[in-house]
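Structural characterization, general
Given next are the chains, with one letter for each unit.
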Amino acid sequence: MNNLRQQLSLKLETLLNKTALSITDQQKQQLVQLVLLLHKWNKAYNLTSVRDPAEMLVKHILDSIIVSPYLQGSRFIDVGTGPGLPGLPLAIINPDKHFVLLDSLGKRISFIRNALRELGLNNVTPVLSRVEEFKPDHQFDGVLSRAFASLKEMSRWCRHLPHREGFFYALKGQFQPLEAQELDKEFVISQVIRLEIPELIGERHLVLIRIEEEE
Ligand SMILES: C[S@@+](CC[C@H](N)C(=O)[O-])C[C@H]1O[C@@H](n2cnc3c(N)ncnc32)[C@H](O)[C@@H]1O
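In short, a report on the structure. (Residues numbered from 1 in each chain as written. Predicted model: local features only at pLDDT ≥ 70, side-chain atom pairs only at ≥ 80, totals over all residues. Heavy atoms only, no water.)

1. Some remarks on the site of the ligand
Among the 16 residues in the neighbourhood of the ligand, the closest are listed as Gly80, Leu85, Asp103, Arg108 and Arg146. Within the contact set of the ligand, a nitrogen atom lies 2.8 Å away from a backbone nitrogen or oxygen of leucine 85. A distance of 2.9 Å separates a nitrogen atom of the ligand from a polar atom in the backbone of valine 131. In the complex, 79% of the free accessible area of the ligand, which totals 600 Å², lies under the protein chains. (Near = heavy atom within 4 Å. Polar contact = N/O pair within 3.5 Å; in protein donor to acceptor, adjacent residues only side chain to side chain. Areas by Shrake-Rupley, 256 points an atom, 1.4 Å probe, with all protein chains shown as cover.)

2. Notes on the pairing of strand E1 (residues 75-79)
With respect to burial, E1 is a largely interior element, four of its five residues being buried. Of the strand pairs in this sheet, E1 and strand E2 (residues 98-103) are connected by five bridges, and their pairing is parallel. Residue pairing across strands places arginine 75 opposite histidine 98, the latter belonging to E2. For the crossover from E1 across helix H4 (residues 87-93) to E2, the handedness is right-handed. Sheet topology note: the E1/strand E4 (residues 140-146) ladder contains four bridges and is parallel. Note on E4: the bridge partner recorded for isoleucine 77 is valine 143. (Buried < 20%, exposed > 50% of the residue type's maximum accessible area, 1.4 Å probe, protein only. Helix = DSSP H or I, 4+ residues; strand = E, 2+ residues; numbered from the N terminus. Pairing = 2+ DSSP bridges. Right-handed = clockwise from strand over helix to strand, strands pointing away.)

3. A look at the pattern of salt bridges
Applying the stated criterion across every chain, the model contains 15 salt bridges. Glutamate 199 serves as the salt-bridge partner of lysine 18, at 3.6 Å between the closest nitrogen and oxygen. Taken as a pair, lysine 18 in the loop between helix H1 (2-17) and helix H2 (25-45) and glutamate 199 in the loop between strand E6 (187-195) and strand E7 (204-211) lie far apart in primary sequence, 181 residues in all. Under the relative-accessibility criterion, lysine 18 is labelled exposed at 53%. According to the relative accessible area criterion, glutamate 199 is partly exposed, its value standing at 48%. For arginine 130, the salt bridge identified is with glutamate 132, shortest N-O distance 3.2 Å. Of the residues examined, glutamate 132 reaches a relative accessible area of 32% and is grouped as partly exposed. Connected through salt bridges with shared partners, the residues Arg159, Arg164, Glu186 and Glu213 form a single ionic network. (Salt bridge = Lys/Arg side-chain N within 4 Å of Asp/Glu carboxyl O.)

Next up, the structure:
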């Protein structure tokens, strides 16, 4: 395991050098620890179809933290987070922001609770709920999602979650302009950002959506 930890640390360093992201040594160790936990619990909990830990670094860790420079505000919710993606890697590198990680599957939330203890993170609240039924005390600066639902479904189901100036941040492969046309009238796409992820084959996009309320 120590050998694997070293290999992953070296690979993470190489990947990060190809990005503009700057993170502390402790955060790098926590990201590697998260991959080791995903690898360890994957068989029992069926957390991800990616089995190879080195591939997890690219497809899960880099793919999550690459969003960090675009986040505006301090309170976020990651809906349909699964094993905490993109929320857990983002929480690791943004200790000053708070993340609610929500999923309707108990096993995935159990994994996240266990990971929080192992990683010593205190800026994350795991929530077991269907998103449509979740009633937060306060609305959020941002609603994150990755591999969750179409833009139309996600925006409808999560309409109650962002505050007036908040954004939806949808992390996707290809961006289809047709998906934008299908959105309900009050949802407006404010930005589509093409993301560059080292060693990842295929396109990645971050779609920012806001709600335009009628006067
Ligand atoms: C394909 S997984 C994606 C997980 C993670 N975001 C990722 O990128 O790896 C979709 C997740 O959404 C959750 N989910 C689906 N419908 C949901 C709902 N209505 N409310 C909350 N979670 C939901 C599922 O349990 C599953 O963990």
